[in-house]
Amino acid sequence: MPELLALDRVSAGYGQSIVLEDVSFTMQEGESLALLGRNGVGKTSLLITLMGLTRLHGGSIRWRGGDIARVATHKRAHAGLGWVPQERFMFPSLSVEEHLTVVERGGKWDLQKIYQIFPRLHERRHNMGNQLSGGEQQMLAIARALMVSPSILLLDEPMEGLAPIIVQELLKVIRRLVSEEGMSVIVVEQHARMALSLTQRAIVLDRGRIVHASDSQSLLADGDKLDRLVAVA
Ligand SMILES: Nc1ncnc2c1ncn2[C@@H]1O[C@H](COP(=O)(O)OP(=O)(O)OP(=O)(O)O)[C@@H](O)[C@H]1O
């Protein structure tokens, strides 16, 4: 599998303050990665660094072999980085369908394919952004990112605040994207076991540095270690 993403000794932060230090990892096409760690260790900062929304203090970020460290955020999105931020950002005055069609790019994903994967969005297609439950908003946020035909989805705590039944529905969708559609994903999740069950590999951050990297299954199997790495201190 060709290399999709490679970070080499990335340090980044906000203004002068550095919140990520010496972060290196690579991902191949189709690979899935759980990004774990306690609150405030830099998980969201790492995702938004990939989108070019922090200040890069050092290191390099390669996307399909090309250096993207200085590439504007919208160009990264066009190049295939699909960011699904924690806040979801729905437009109250657009329907579900309009949210999707305004970003459609005529790639692999169209309305029909989206509705196949998210039948609930088909049912709600005429509802406005502010008439959706949290779970429906999360589905729409993921669907909207898919409409731009990304090569990777950056999912920032997709399950946060959702009812257990919706979590199960979303898990099924993400699993399908990874296993059947060959989509690469980076999943940030407080529910570490859930994220590990979805992914092939895992990295754990602590105070902006990678303190653990392994395959997801072996970390899932070592409950003590996992709790030490991610449990609230
Ligand atoms: N816009 C910002 N300006 C300055 N500092 C920030 C900003 N956003 C985050 N930080 C700081 O960067 C550090 C990492 O935060 P980040 O949100 O990336 O962590 P996280 O692991 O995603 O946490 P959480 O699980 O709580 O979302 C924290 O110390 C935080 O206070």
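Residues numbered from 1 in each chain as written. Predicted model: local features only at pLDDT ≥ 70, side-chain atom pairs only at ≥ 80, totals over all residues.

### A short note on the site of the ligand
Residues in close proximity to the ligand include Tyr 14, Val 19, Gly 37, Asn 39, Gly 40, Val 41, Gly 42, Lys 43, Thr 44 and Ser 45, which together make up its full environment. Broken down by element, the residue count for the shell around the ligand peaks at 3 residues, all from helix α1 (residues 43-50). Residues belonging to the shell around the ligand are distributed by class as follows: 3 nonpolar, 6 polar and 1 charged. (Near = placed C-beta within 6 Å. Helix = DSSP H or I, 4+ residues; strand = E, 2+ residues; numbered from the N terminus. Nonpolar A, V, L, I, M, F, W, Y, C, P; charged D, E, K, R; others polar.)

### Topic: the sheet that holds strand β7 (residues 152-156)
For sheets, the rule is that strands pair by backbone hydrogen bonds, running either parallel or antiparallel. The mixed open sheet is built from 6 strands, whose spatial order is β6-β7-β8-β3-β9-β10. The open sheet has two free edges, formed respectively by β6 (81-84) and β10 (209-215), since each of these has just one partner strand. Neighbour-to-neighbour, the strand axes of the sheet open up by a mean angle of 15°, direction not taken into account. Where strand β9 (residues 201-206) lies against β10, 6 bridges are found, and the strand directions are antiparallel. Within β10, the residue paired with Asp 206 across the bridge is Arg 209. Along the sheet, helix α6 (residues 134-147) contacts β6 and β7; its crossing angle with β6, the most-contacted strand, is approximately 165°. (Pairing = 2+ DSSP bridges. Axes fitted to C-alpha atoms, helices over the stretch in contact; angles between N-to-C directions. Contact = placed C-beta atoms within 7 Å.)

### What about the confidence of the model for the protein chain?
Keep in mind that low pLDDT regions are not for reading the predicted coordinates in detail. Per-residue pLDDT for the protein chain averages 92, and the proportion of residues at 70 or more is 99%. As a predicted assembly, this complex carries a pTM of 0.94 together with an ipTM value of 0.95. (pLDDT = per-residue confidence, 0-100.)

### Considerations on unusual backbone geometry
For Asp 22, which is not a glycine, the phi torsion comes out positive at approximately 60°. Take Asp 22: it is sitting in strand β2 (residues 17-28).

### Digging into α1
Counting buried residues along α1, 6 of its 8 residues qualify, which places the element largely inside the surrounding structure. For α1, the complete set of buried residues consists of Lys 43, Ser 45, Leu 46, Leu 47, Thr 49 and Leu 50. After α1 finishes, the residue Gly 52 shows a positive phi value of roughly 85°. (Buried ≥ 20, exposed ≤ 12 C-beta atoms within 10 Å, placed from the backbone.)

### Some thoughts on the environment of Gly 106
Inspection of the secondary structure puts Gly 106 in the loop between α3 (96-101) and α4 (111-117). In this structure, the C-alpha to C-alpha distance between Gly 106 and Val 148, residues 42 residues apart in sequence, is 8.2 Å.

### Points about the nonpolar core
Core analysis: the biggest nonpolar cluster contains 65 residues, and Leu 35, Ile 114, Ala 143, Leu 154, Val 185, Ile 186 and Val 187 have the highest contact counts within it. Per-element accounting of this core gives the leading share, 8 residues, to α6. Residue contacts for Ile 114: discarding those within four places in its chain leaves Leu 100, Trp 109, Leu 121, Ala 143, Leu 146 and Met 147. (Core = buried A, V, L, I, M, F, W, Y, C linked by C-beta atoms within 7 Å.)

### With respect to the sheet that holds strand β4 (residues 55-63)
Within the open sheet, the 4 strands sit side by side as β2-β1-β4-β5. Their pairing is antiparallel. Of all strands in the sheet, those with a lone pairing partner are β2 and β5 (66-67), marking the two edges. Note: β4 against β5, 2 bridges, orientation antiparallel. Bridge pairing in β5 places Trp 63 opposite Gly 66. Sitting on the sheet, α1 touches β1 (3-14), β2 and β4, and the angle it makes with β2 is about 65°.

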